[in-house]
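# Coordinates in review
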Amino acid sequence: MNINDIINKILPYKNYFDTSGGGVTLSGGEATLNMPFISVLLQKLKNIGIHTLLETSGYFDYEVFEKLILPHIDEVYYDIKFIDPLLHKHWCGVDNVIIISNLKRLQHQSLTKDFKLVPRTPLIPDVTDTEENITSIAAFFLSISVSKTILLPNNPMYLNKLGNLGVESNMANNKSIKMLYPNDRKEVVVGFFKKYSVEVEFG
């Protein structure tokens, strides 16, 4: 689809967006892999008064992002899975040096510019939700003045989707991964964030 095709698909919903406070979310995959394209799309959406939100892993060239995306975005959901770069490389395939650096810069700019930044963390049992990892994330958020985060509890339904796609998961043998995230564990994780004065919402 070209950009005009996308806009034409969106326009019939504008009255609904205006009433509900909704808008358009760019997700993926990773939308910032094609920043020139989404830059033009965001500009067109902004010109017709539609709220825009970007979901990103934060693995992008900040200078390009600052020029092409930041002036045209209303809100950014920014995923932080680990603070330890070795753990990030083990589970995600790359270290997180760029991701951490970009979040620091984006958070600094969010304090003075007209966009909202909300970091998010997926709660994967025995992977991202360990006390050490969650505490390090909470402490990092406090150090850069992040006061609110969204937690995304593990949902095992994706394992079936992977199977249907013929993709094997390296976590399929983890029994906790196959279960809905327990409420008592949610309370524990929230407690870790509260110690660092970070407000928690579940997504």
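A brief structural summary. Note on numbering: residues in each chain are counted from 1, in written sequence order. A pLDDT threshold of at least 70 governs which residues receive local features in this predicted model, and a stricter bar of 80 or more applies before side-chain atom pairs are shown or counted, although totals over entire chains, interfaces and linings include all residues. Calculated side-chain values reflect all of the structure's heavy atoms, with hydrogen atoms and water omitted.

Going along the chain from the N terminus, every DSSP run of H or I of four or more residues is numbered as a helix, and every run of E of two or more is numbered as a strand. The secondary structure content of the chain amounts to nine helices and six strands. We take the radius of gyration over the C-alpha atoms and set the globule estimate at 2.2 Å times the residue count to the 0.38 power. What you see for the chain is a C-alpha radius of gyration of 18 Å, in line with the 17 Å of a compact globule of 203 residues. Principal-axis analysis of the C-alpha atoms places the extent of the chain at approximately 45 × 45 × 35 Å. In this scheme, a residue with accessible area under 20% of its type's maximum is buried, one over 50% is exposed, and one in between is partly exposed, where area comes from a 1.4 Å probe on protein chains only. Counting across all 203 residues of the chain, residues that qualify as buried make up 40%. Only heavy atoms matter for contacts: two residues are in contact if any of them lie within 4.5 Å across the pair. A separation threshold of at least 6 residues defines the contact pool for the chain, and within that pool the share at least 24 residues apart is 70%. Distance between charge centroids for the chain: 3 Å, based on 20 positive and 22 negative side chains. The charge count includes Lys and Arg as positive and Asp and Glu as negative, but it does not include His or the ends of the chains. Here the site of a charge means NZ on Lys, CZ on Arg, CG on Asp, or CD on Glu.

Residue position: N102 is located in helix α6 (residues 97-110). Discounting chain neighbours no more than four positions away, the residues touching N102 are G58, F60, Y62 and Y78.

Bringing the pattern of salt bridges into the picture now. By definition here, a salt bridge exists when the distance from a side-chain nitrogen of Lys or Arg to a carboxyl oxygen of Asp or Glu is within 4 Å. Under the criterion given, the structure shown has eight salt bridges. Here R105 ties to E63 by a salt bridge, and the two come within 2.9 Å at their closest N and O atoms. Pair noted here: R105 is in helix α6 and E63 is in helix α4 (residues 62-68), with a separation of 42 residues, a long-range link. The class for R105 is partly exposed, based on a relative accessible area of 34%. Here the residues in one salt-bridge network are E55, D79 and R120, joined through shared partners.

This part is about the sheet that holds strand β2 (residues 51-56). Note on pairing: two strands pair once DSSP finds at least 2 bridges between them. Pairing is parallel in the open sheet, where six strands are placed in the order β1-β2-β3-β4-β5-β6. Either end of the sheet is taken by a strand with one partner, and the two such strands are β1 (23-26) and β6 (199-202). The sheet shows a mean angle of 25° between the axes of neighbouring strands, direction not considered. Sheet analysis places β1 next to β2, joined by four bridges and oriented parallel. Residue pairing in the sheet places G23 in a bridge with H51 of β2. Angles shown run from 0 to 180 degrees and are taken between the N-to-C directions of axes, each axis being a line fitted to C-alpha atoms and, for helices, limited to the stretch in contact.

With that out of the way, let us pick up the packing of aromatic side chains. Two rings from Phe, Tyr or Trp (for Trp, the six-membered ring) form a pair when their centres are within 6.5 Å of each other. A pair whose planes differ by under 30 degrees is stacked, one over 60 is edge-to-face, and the rest are tilted. If you walk through the whole model with that rule in mind, you get eight aromatic pairs. Each ring, one from F60 and one from Y78, has its centre 6.5 Å from the other, and the planes form 80°; the classification is edge-to-face. Pair noted here: F60 is in the loop between β2 and α4 and Y78 is in strand β3 (residues 75-79), with a separation of 18 residues, a long-range link. Exposure class is identical for F60 and Y78. Each is buried.

On the secondary structure map, I38 appears in helix α3 (residues 35-47). Here I38 is in contact with L26, A31, T32 and I69, once residues within four sequence places are set aside.

Taken as a whole, the second largest pocket encloses approximately 160 Å³ of empty space. The definitions used throughout rest on a 1 Å grid laid over the protein atoms alone, on which a cavity is an enclosed set of points accommodating a 1.4 Å probe that cannot get out and a pocket is an open set flanked by protein within 12 Å on both sides along at least five of seven lines; lining residues are those having an atom within 4 Å of a point. Forming the walls of the second largest pocket are S27, G28, G29, E30, E55, T56, S57, D79 and R120. Tallied by class, the residues present in the lining of the second largest pocket amount to no nonpolar, five polar and four charged. Grid points are joined across faces, edges and corners, and a volume is the space filled by probe spheres set on the points. Polar here means any residue outside two lists: the nonpolar Ala, Val, Leu, Ile, Met, Phe, Trp, Tyr, Cys and Pro, and the charged Asp, Glu, Lys and Arg; Gly therefore counts as polar.

What follows covers the pairing of strand β5 (residues 148-153). In terms of strand pairing, strand β4 (residues 116-123) meets β5 through four bridges, oriented parallel. Its bridge partner being in β5, L123 is matched across the sheet by P153. Pairing of β5 with β6, which is carried by four bridges, proceeds in the parallel orientation. Opposite T149, over in β6, you have V200 as the bridge partner.

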